[in-house]
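# Structural characterization, general
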Amino acid sequence: MNMSSSPNFCAFLRGVNVKGTNMKMAEVKSVFEQAGMHSVKTILASGNLLFYSECAESELKEKLSLTMSNHFDYEAYLFIKTAAEIKQLCEDCPFEPDPTFHNYGFVGVAEIGKILAAEFDKSTHAEGEAGKLIGDNFYWRAPKGDTLVSDFGKILGRKSLKDAFTSRNINTFYKVLNAFKG
């Protein structure tokens, strides 16, 4: 294996540096390297790691979740995506940038987009709040300051969904995509 290979995957960790789960990204990077990942780099402090591996995506999720759980003594949830998947997620975002709203995308288990869309449809919405399923990806536009207190925001915090998805501001996905390129 060529150790200078460009990253071919991104891991998105759920719940990093929120509610008492504090991690230094340098340490997380080291854990990924000890697990056999190469060309590891972190993007922001919210648990986004680019890396190279010859392993299958399904094998990576299981291996890295277990490694992170053991090292940090917490139940780790992460989701693996390729550059092509992140590019598609960014291109499909239906919401224009707006200084009064946050635009979010979600990554997770199969069918999570449909589950989130159904939950969004059942919730009450603030003025201008919107949700849209495009392909397998669900997108959410929430008024700034209302993300965690909105009806849908509370649904996202359900324990029954904690192992099913994680969300990022769409700007974070663009930063990840640009990091794949550079």
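Burial within strand E5 (residues 101–108) is extensive, with 7 of its 8 residues counted as buried. As paired strands, E5 and strand E7 (residues 137–143) are joined by 5 bridges and run antiparallel to one another. Residue pairing in the sheet places Tyr104 in a bridge with Trp140 of E7. Examined bridge by bridge, E5 and strand E8 (residues 165–169) share 5 bridges and lie antiparallel to one another. Among the inter-strand pairings, Gly108 is bridged to a residue of E8, identified as Phe165.

Here the focus is helix H2 (residues 57–72). Between its first and last C-alpha, H2 extends 22 Å over 16 residues, near the 22 Å set by a 1.5 Å rise per residue. The set of residues buried in H2 consists of Leu60, Leu64, Ser65, Met68, Ser69 and Phe72. Buried residues along H2 cover an arc of 145° about the axis, so they all sit on one side. Residues Ser58, Glu62, Leu66 and Asn70 are exposed on H2 and point more than 90 degrees away from its buried face. Looking at the buried side of H2, the elements it contacts are strand E1 (9–13), helix H1 (25–34), strand E3 (48–52) and strand E4 (78–81). Once H2 ends, the next one or two residues include Asp73, with phi positive near 55°.

Here we come to the pattern of salt bridges. When their charged atoms lie close together, side chains carrying opposite charge are able to pair. Counted by the stated rule, this structure contains 6 salt bridges. The salt bridge partner of Lys162 is Glu75, with a shortest N-O separation of 4.0 Å. Of the two residues, Lys162 is situated in the loop between helix H5 (151–156) and E8 and Glu75 in the loop between H2 and E4; the sequence distance between them amounts to 87 residues. Of the charged contacts, one joins Lys122 and Glu119 as a salt bridge, the two residues approaching to 3.5 Å between their closest N and O atoms. With Lys122 and Glu119 both in helix H4 (residues 112–122) and 3 residues apart, the pair spans about one turn of that helix. Looking at Lys122, the relative accessible area reads 62%, which means it is exposed. Accessibility expressed as a relative area gives 14% for Glu119, which makes it buried. Ionic contacts of the salt-bridge type, sharing partners, join the residues Glu119, Lys122 and Arg158 into one network.

About the cut-offs
Residues numbered from 1 in each chain as written. Predicted model: local features only at pLDDT ≥ 70, side-chain atom pairs only at ≥ 80, totals over all residues. Heavy atoms only, no water. Buried < 20%, exposed > 50% of the residue type's maximum accessible area, 1.4 Å probe, protein only. Helix = DSSP H or I, 4+ residues; strand = E, 2+ residues; numbered from the N terminus. Pairing = 2+ DSSP bridges. Expected span 1.5 Å × (residues − 1). Arc of directions from axis to C-beta. Contact = heavy atoms within 4.5 Å. Salt bridge = Lys/Arg side-chain N within 4 Å of Asp/Glu carboxyl O.

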